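A structural walkthrough
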Amino acid sequence: MTLTDNNINYIATNLEFYEIKDVDLKEDLIDHICTHIECYNGTDFEKAYQEAIENLGGYASFQLMQKEINEKKLIQSFLARKRAFYLLSTFNIMLLALGLLFKLNQWPYSSILLASGFGILIFITTPFALFNKYKHSKQKLILLNKSL
């Protein structure tokens, strides 16, 4: 059976209706459905489409795949923020330690190093830590609610 552009648009619209928003997943599903329909030995598009959906596990399995992709993205964003926070904290601690070392040895620029270290601590690291804690609690709620 050959597919027309209208058939492919129908498949894409149905996937959007069932909340398949990830572009890669949507393209893969369209490809699998179209391949199944093209191998179908009949002329009824609707029947071939329903058979293809049933063969792939139905719309519930599509939504489950989309949910898993969303959870994976959520966890990746959390890990990226955590990594950035650790990097910022390490830089801040090194700056403060260097400023303290300069101050103990009475070398020049110790005040600048300490002031910039404390400035970064107060105005960047602390708000970033509070933001991370807030986002982590929100993501934890999202993941817990979805698993119920």
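This text goes with the structure placed above it.
Attention here is on the structure that accompanies the text. Just so it is clear, the model here is predicted, and its values are computed rather than measured. (Residues numbered from 1 in each chain as written. Predicted model: local features only at pLDDT ≥ 70, side-chain atom pairs only at ≥ 80, totals over all residues. Heavy atoms only, no water.)

**A word on the environment of Glu 51**
Topologically, Glu 51 is positioned in helix α3 (residues 45-55). Put simply, Glu 51 and Tyr 40 are eleven residues apart on the chain and 9.1 Å apart in space, counted from C-alpha to C-alpha. Sequence-distant contacts of Glu 51, that is, excluding residues within four places in its chain, are made with His 36 and Tyr 40. (Helix = DSSP H or I, 4+ residues; strand = E, 2+ residues; numbered from the N terminus. Contact = heavy atoms within 4.5 Å.)

**Notes on the packing of helix α1 (residues 5-17) against helix α2 (residues 23-38)**
Running from amino to carboxyl end, α1 crosses α2 at an angle of 135°, the nearest separation of the two axes being 10 Å. By the angle class used here, α1 and α2 are oblique. α2 is crossed by α1, and the crossing has right-handed handedness. Side by side, α1 and α2 meet where Ile 8, Ile 11, Ala 12, Leu 15 and Glu 16 of the first sit next to Lys 26, Leu 29, Ile 30, Ile 33, Cys 34 and Ile 37 of the second. Split into classes, the residues belonging to the contact of α1 with α2 amount to nine nonpolar, no polar and two charged. (Axes fitted to C-alpha atoms, helices over the stretch in contact; angles between N-to-C directions. Parallel < 35°, antiparallel > 145°, perpendicular 65-115°, else oblique. Left-handed = near helix turned anticlockwise from the far one by under 90°. Nonpolar A, V, L, I, M, F, W, Y, C, P; charged D, E, K, R; others polar.)

**Quick word on the nonpolar core**
Formed by 19 residues in total, the largest nonpolar core has its most connected members in Ile 11, Leu 15, Ile 33, Ile 37, Tyr 49 and Phe 62. Where this core is concerned, the elements lending two or more residues are α1, α2, α3 and α4 (58-104). If one sorts the elements of this core by residue count, α2 sits on top with six residues. Counting residues in each nonpolar core, the second largest holds five residues, with Leu 95, Phe 102, Leu 113 and Ile 120 among its members. (Core = buried A, V, L, I, M, F, W, Y, C linked by side-chain atoms within 4.5 Å. Buried < 20%, exposed > 50% of the residue type's maximum accessible area, 1.4 Å probe, protein only.)

**Description of the packing of α2 against α4**
Between α2 and α4, the least distance of the axes is 11 Å, while the angle of their chain directions is 155°. For the element pair α2 / α4, the angle class is roughly antiparallel. Handedness of the crossing formed by α2 with α4: right-handed. Facing α2, whose interface residues are Leu 25, Leu 29 and Ile 33, α4 presents Phe 62, Met 65, Gln 66 and Ile 69. By residue class, the composition of the contact of α2 with α4 is six nonpolar, one polar and no charged.

**Structural notes on the pattern of salt bridges**
The final tally for this structure, using the stated rule, is two salt bridges. Linking Lys 26 and Glu 16 is a salt bridge whose minimum nitrogen-to-oxygen distance equals 2.4 Å. One end of the pair, Lys 26, is in helix α2; the other, Glu 16, is in helix α1, with ten residues separating them in the sequence. For Lys 73, the salt bridge identified is with Asp 22, shortest N-O distance 3.1 Å. A residue pair is termed long-range when its members are at least 10 positions apart, and Lys 73 in helix α4 and Asp 22 in the loop between α1 and α2 qualify at 51 residues. Since its relative accessible area comes to 12%, Asp 22 is described here as buried. (Salt bridge = Lys/Arg side-chain N within 4 Å of Asp/Glu carboxyl O.)

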